[in-house]
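Analysis of the macromolecular model
Here is how the chains run, residue by residue.
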Amino acid sequence: MGKWLVDGRESQTVAVEDRGLAYGDGLFETIAVRGKRCRFLAEHLQRLKGGCERLRIPLPHQPILTSEAEGLAKDCDYGALKIIVTRGTGPRGYAAPGTPRPLRALGLECTEPGRPEYVQFGVRVRYCAMPLGRNPALAGLKTLNRLEQVIARSEWTDPDIQEGLMLDSRGCVTCGTMTNLFLVADNALLTPVLTEAGVAGIMRSKILEEARSAGIETHELTISTDDVANAAEVFVSNALIGIWPVREIDGKGYTRGPITLQIMRALSTIGVKECDA
């Protein structure tokens, strides 16, 4: 990561007593920077606000977050901005401090544009052995505890596989290690329900919104591996990549179909230019 601001000051360190470091006691957002602007910044900050309310972490003043994010992005044509909010420092033990002083850290990494062939021809995906734990109290939140995803991502080194799908402890397909999952079946758009596990991505919300505006039937429901195998189209999404159509999952082939293309075109019109490829 390139430049970091920690509580408004340029730095790349935090206190060892910080609860985000010690316990994963915090949240983060990953935001696409395109043309010196933070894409969907308001939506990311709104999700961060909701997450802080659920975890009872005092939210840093949103105008400050906006100003610092925009200030970091203003010299970057293409990159990724990360916002981290923790409960701050505290004494040893799990008990939260009575009057927490949250820490905010914002970091920007300028990167090269993504791989257009992933958008044009699709990506190869596999299933991961590492299961996702079910916890309705934390489901949907982007907490700092990503150990399940870290272990799942370590299961393969093949550069021709771009993503892994994760199942929950019941065997229901929930998400990718870094993406949300969508299927097309009977001309309807399906995505796993995230009431017990997984992260509700900003791009996921945009896709559902654009699909509904276009008159495409959408459903958030329990997804099985058979549902995935029988789908007509499959794609994955997140804030940085937009949409990657899936061309193969563990040997099963798929094509970039008409509903996937329709949603990609809709996203392009609202600024997700990765979907132009």
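Residues numbered from 1 in each chain as written. Predicted model: local features only at pLDDT ≥ 70, side-chain atom pairs only at ≥ 80, totals over all residues. Heavy atoms only, no water.

1. What about the sheet that holds strand S5 (residues 78–86)?
Reading across from one edge, S2-S1-S6-S5-S3-S4 is the order of the six strands in this open sheet, with antiparallel pairing throughout. The outermost strands of the open sheet, each flanked by one partner alone, are strand S2 (9–10) and strand S4 (37–38). Both strand S3 (residues 26–34) and S5 contribute to a ladder of nine bridges, which runs antiparallel. Opposite Arg 34, over in S5, you have Tyr 78 as the bridge partner. Seen against the sheet, helix H2 (residues 41–55) touches S3, S4 and S5 and runs at an angle of roughly 180 degrees to S3. (Pairing = 2+ DSSP bridges. Helix = DSSP H or I, 4+ residues; strand = E, 2+ residues; numbered from the N terminus. Contact = heavy atoms within 4.5 Å. Axes fitted to C-alpha atoms, helices over the stretch in contact; angles between N-to-C directions.)

2. Thoughts on the packing of aromatic side chains
Each aromatic ring pair is described using two quantities: the centre-to-centre distance and the angle formed by the ring planes. Under the criterion given, the structure shown has three aromatic pairs. Consider the rings of Tyr 23 and Tyr 94, whose centres lie 5.1 Å apart with planes at 65 degrees: the pair is edge-to-face. In this pair, Tyr 23 is assigned in helix H1 (residues 19–23) and Tyr 94 in the loop between S5 and strand S6 (103–110), connecting sequence segments 71 residues apart. By relative accessible area, Tyr 23 is classed as partly exposed at 32%. (Phe/Tyr/Trp six-rings, centres within 6.5 Å; stacked < 30°, edge-to-face > 60°. Buried < 20%, exposed > 50% of the residue type's maximum accessible area, 1.4 Å probe, protein only.)

3. Description of the side chain of Arg 47
In this structure, Arg 47 sits in helix H2. When its relative accessible area of 18% is taken as the criterion, Arg 47 is described as buried. Side-chain polar atoms of Arg 47 contact the backbone oxygen of Ala 200, separated by 2.6 Å. If near-sequence neighbours (up to four positions away) are discounted, Arg 47 is found in contact with Glu 29, Lys 142, Val 199, Ala 200, Gly 201 and Ile 202. (Polar contact = N/O pair within 3.5 Å; in protein donor to acceptor, adjacent residues only side chain to side chain.)

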